[in-house]
Amino acid sequence: MQVHSINPFNYQKPSFEGRGKPIDLKYIVQKRANLLPKPILEKAQTIVACGPSSMPSLKELHLARYAPLINYKSLDELKADYPEFEGIADSVVFIRNSVYKKQFEEKTKDINFPLKMLQELWCNLKTKDEVAAELGLSSRSSLDWALKQIKFVYFPPNYRTLLKASGEEGNREIARKTQAYNEAHPEQMYARNRHAAQACKTTEYRRAQRERIFEYDRIHPERREKIAEFDRRTWALCPEIKDALSRFTAGESAYVRQTVTKVLQGVSLSASEVRTRKGFFKRFWDAHPFFREVLSAAKEQVREEMRKE
């Protein structure tokens, strides 16, 4: 078993060490459906509605449909099988002669430009910068102009990000880039975090967060089991804190004492008991602040042990 992060209130903690969870298909359909090409959205909705135990990633779904583009020899044949591309023109039409016209025709004389762009951008998932460089065009803007002339169909930039985030390697790359950007722009990062912290205080956000946690726990009951095991192994390293807790709970209600006992034994908690635990331990740490470092050290030790298992 491998546990990367134990936090009952943040089950998908971002990681800059490549340990963040890839975005699954259900989340994408529910939250980012507007970014998906229509054929991909329809297929994804069908898969999610069937509720299989194992779902393909968004990138796998994309390649299942568009990887065959590489085998087509003509644009007409391709458009017959892919109606989403039927509006793409056969060639770039120049209104007048120009230096750019001569350059473009020279760079693309040996290829079927519309077909090649579909294969490179939709099948091979290259960026426009990469394609422009391979064609020898002066810039991406030159490529964008030509694509506009043939009424090229392209997906939103954020769809490419979703494709990357749906796989582990792409997710690690996004994490590395995010870390590098934050390190280079600390003021912007702090401002964004302050803004997010203010948003988290609203009633609407808290209600939505509770609903997300309940839904996640319903689908992933193993999460509470991992949290319970983490708690049990941590408290086993802290007998002095357990003694202090025993004395501190003497003045609490029977429900609170029962919840604390379950925490110390590593028993899985209900949603209500999780909230009770949070309130109780806030009072306990306020009364015994010197125990915080002891527990933190124990948590780190258990976390490292569970990561290696």
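Residues numbered from 1 in each chain as written. Predicted model: local features only at pLDDT ≥ 70, side-chain atom pairs only at ≥ 80, totals over all residues. Heavy atoms only, no water.

A. Examining the pattern of salt bridges more closely. Evaluated as defined, the whole model comprises 16 salt bridges. In this structure, the salt-bridge partner of Asp90 is Lys79, at a minimum N-O distance of 3.8 Å. With a gap of eleven residues between them, Asp90 in the loop between helix H4 (75–81) and helix H5 (99–108) and Lys79 in helix H4 connect regions that are remote in the sequence. Taking the relative accessible area as the measure of exposure, Lys79 reaches 15% and is therefore buried. A salt bridge links Glu304 to Arg307; its shortest N-O distance comes to 2.8 Å. One end of the pair, Glu304, and the other, Arg307, are both in helix H17 (residues 292–308), three residues apart, so they sit about a helical turn from each other. Through salt bridges with shared partners, a single network forms among Lys116, Glu120, Lys126 and Glu134. (Salt bridge = Lys/Arg side-chain N within 4 Å of Asp/Glu carboxyl O. Helix = DSSP H or I, 4+ residues; strand = E, 2+ residues; numbered from the N terminus. Buried < 20%, exposed > 50% of the residue type's maximum accessible area, 1.4 Å probe, protein only.)

B. Focus on unusual backbone geometry. Of note, Leu125 is a non-glycine position whose phi angle comes to about 55 degrees, a positive value. Position of Leu125 among the secondary structure elements: in the loop between helix H6 (113–123) and helix H7 (128–135). The buried category is assigned to Leu125, whose relative accessible area is 14%. Positive phi, close to 55 degrees, is recorded for Lys151, a residue that is not glycine. If you trace the backbone, Lys151 turns up in the loop between helix H8 (140–149) and helix H9 (157–165).

C. Representation of the environment of Trp285 in the model. Following the sequence through the fold, Trp285 ends up in helix H16 (residues 271–287). For Trp285, a relative accessible area of 11% gives the class buried. Between the C-alpha atoms of Trp285 and Thr202, which are 83 residues apart in sequence, the distance is 26 Å. The contact partners of Trp285, leaving out residues within four places of it in the chain, are Phe291, Arg292 and Leu295. (Contact = heavy atoms within 4.5 Å.)

D. A look at the confidence of the model for the protein. When the pLDDT values of the protein are averaged, the result is 82; 90% of them are 70 or greater. Across residues 1–19 the pLDDT falls below 50, and counting only partners more than four positions away or on other chains, this stretch makes 42 contacts in the model. (pLDDT = per-residue confidence, 0-100.)

E. Representation of the packing of aromatic side chains in the model. Counted according to the given criterion, the structure contains 20 aromatic pairs. Look at Phe152 and Tyr154: their rings are 6.3 Å apart centre to centre, the planes differ by 40 degrees, and that puts the pair in the tilted class. Between Phe248 and Phe284, the aromatic rings sit 5.5 Å apart at their centres with planes inclined by 80 degrees, giving edge-to-face as the arrangement. Here Phe248, found in helix H14 (residues 239–248), pairs with Phe284, found in helix H16; they are 36 residues apart in sequence, far enough to count as distant. Using a relative accessible area of 24% as the deciding quantity, one classes Phe248 as partly exposed. A network of ring pairs unites the aromatic residues Tyr66, Tyr72, Tyr82, Phe85, Trp122, Phe152, Tyr154, Phe155 and Tyr159 as a single cluster. (Phe/Tyr/Trp six-rings, centres within 6.5 Å; stacked < 30°, edge-to-face > 60°.)

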